[in-house]
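# Chain and residue survey
Take a look at the letters that make up each chain.
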Amino acid sequence: MPKKVLLAPPENIMVQAENLVKIYKSRDVEVMALQGLDLTVERGELMGIVGASGSGKSTLLNMLGGLDRPSAGSLYVDGVDMLKFTEKDFIEYKRKTVGFVWQNNARNLIPYLTAKQNVEMPMLLSGFSGRSQRADELLDMVGLSHRKNSRLDQMSGGEQQRVAIAIALSNNPKLLLADEPTGSVDTATSKLILDVFRELNRAMGVTIIIVTHDTKLSAQIDRVVAIRDGKTSTELVRKPGIAKSFGELNEQEETSHEELTVLDRAGRLQIPKEYLEELGLRGGDKVRVELEEGKISIYPRGIADKASK
């Protein structure tokens with residue numbers, strides 16, 4: 001049987017993962033963190049990723065950030081196959097293609113330097129000649145021009161996180177990744193930080209992927225992908241005609257997404273856990289699947305057998 005040829009995605013796709021697998025090995029133990037994940041992200045999209053601890057979302061983010069290598073499957077970012085990357089390719093990728101905002105500010109920031117000096121640091125290390133002007137521009141983009149000469153220990157947690165965003169933009173990335181960017185700030189500050197991401201996405205056209213547990217944050221993102229057991233299980237897609245700013249958030253808008261189950265390329269889907277529990281089903285159980293008047297119905301075996309008699 002001929003080997004399947006995986007083609008590069010279309011130009012409008014920034015991220016395309018197909019049947020993505022990541023296995024971690026520790027002595028004689030193997031842990032499968034991703035088990036055939038599929039994901040497509042368009043250029044210029046701002047999207048969120050949610051999932052319980054251990055679901056695989058941080059593993060995915062690390063691979064997208066060039067911090068970890070996939071074990072199998074296909075992963076293209078900006079039209080380039082990351083499974084074929086050499087160590088030199090990964091270094092170049094992190095310098096030119098991707099920016100990363102960590103939940104822990106200590107990974108982004110040097111506390112005894114000013115905000116401007118922090119933003120200038122990665123540009124200094126890469127030999128960028130116009131770093132002073134560029135640092136001023138980036139701090140203005142995140143609303144911190146007035147704090148550019150303040151040391152990090154003189155700034156609030158929200159201000160520090162906005163400095164971290166400016167640093168992540170210093171290499172003018174095509175893809176910006178944010179790992180729980182509002183995890184250590186209050187609700188009002190998390191609203192402000194998302195508005196910063198939204199404005200950067202609009203003004204710069206940068207593709208932004210945010211991993212978050214913050215339900216209020218995810219409620220304000222147009223498309224949210226849920227990962228369960230190392231696979232893309234559902235997507236929450238924003239319903240049309242609702243507010244685009246955190247300042248317009250109300251209780252009705254917190255439930256303004258439609259949840260869609262993802263059908264993978266092999267025709268498989270993950271049925272929500274609460275549905276299985278309601279029907280008393282477990283993994284490995286046999287069910288009857290029928291096409292009925294333009295819809296697919298799934299019956300527990302006993303119920304379906306009785307209905308057919």
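Residues numbered from 1 in each chain as written. Predicted model: local features only at pLDDT ≥ 70, side-chain atom pairs only at ≥ 80, totals over all residues. Heavy atoms only, no water.

### A word on the pattern of salt bridges
Counted under the stated rule, the structure contains 17 salt bridges. With its nearest N and O atoms 2.5 Å apart, the salt bridge here joins Arg 202 to Glu 199. Here Arg 202 pairs with Glu 199, and both are found in helix H6 (residues 187-204), just three residues apart, close to one helical turn. Residue Arg 202 is classed as exposed on the basis of its relative accessible area of 59%. The partly exposed category is assigned to Glu 199, whose relative accessible area is 35%. Overlapping salt bridges bring together Glu 11, Arg 43, Asp 78 and Lys 174 as one network. (Salt bridge = Lys/Arg side-chain N within 4 Å of Asp/Glu carboxyl O. Helix = DSSP H or I, 4+ residues; strand = E, 2+ residues; numbered from the N terminus. Buried < 20%, exposed > 50% of the residue type's maximum accessible area, 1.4 Å probe, protein only.)

### Here we look at the sheet that holds strand S4 (residues 72-77)
Spatial strand order, S2-S1-S4-S5: four strands in an open sheet with antiparallel pairing. Either end of the sheet is taken by a strand with one partner, and the two such strands are strand S2 (29-42) and strand S5 (80-81). Two strands pair when backbone bridges link them, and S4 and S5 are joined in this way by two bridges, in the antiparallel orientation. Across the sheet, the residue bridging to Tyr 76 is Asp 81, located in S5. (Pairing = 2+ DSSP bridges.)

### Focus on the nonpolar core
Ranked by internal contacts, the top residues of the largest apolar core, which has 36 residues, are Val 119, Val 163, Ile 165, Leu 176, Phe 197 and Ile 210. Of all the secondary structure elements, the ones that give two or more residues to this core are strand S3 (46-50), helix H3 (115-125), helix H4 (131-141), helix H5 (157-168), strand S7 (175-179), H6, strand S8 (207-211) and strand S9 (223-228). Top element by residues in this core is H5. It accounts for six residues. Setting aside residues up to four positions removed in sequence, Val 163 forms contacts with Leu 109, Ala 115, Asn 118, Val 119, Leu 144 and Met 155. In this structure, Leu 39, Val 41, Leu 75 and Ile 209 belong to the second largest nonpolar core, which totals 29 residues. (Core = buried A, V, L, I, M, F, W, Y, C linked by side-chain atoms within 4.5 Å. Contact = heavy atoms within 4.5 Å.)

### Section: the pairing of S2
As paired elements, strand S1 (residues 13-26) and S2 share 11 bridges and run antiparallel to each other. Considered in S2, the bridge of Lys 25 is made with Glu 30. The turn linking S1 back onto S2 is made up of two residues, and Arg 27 within it adopts a positive phi angle of 55°.

### As for the confidence of the model for the protein chain
Considering every residue of the protein chain, the mean pLDDT works out to 81; 81% of them sit at 70 or more. A low-confidence stretch, residues 1-5 (pLDDT under 50), is modelled with one contact involving residues beyond four sequence positions or located in other chains. (pLDDT = per-residue confidence, 0-100.)

### Thoughts on unusual backbone geometry
For Asp 78, which is not a glycine, the phi torsion comes out positive at approximately 55°. Topologically, Asp 78 is positioned in the loop between S4 and S5. In the Ramachandran plot, Asn 172 falls in the positive-phi region, its phi being about 50° despite a non-glycine side chain. When you line up the elements, Asn 172 lands in the loop between H5 and S7.

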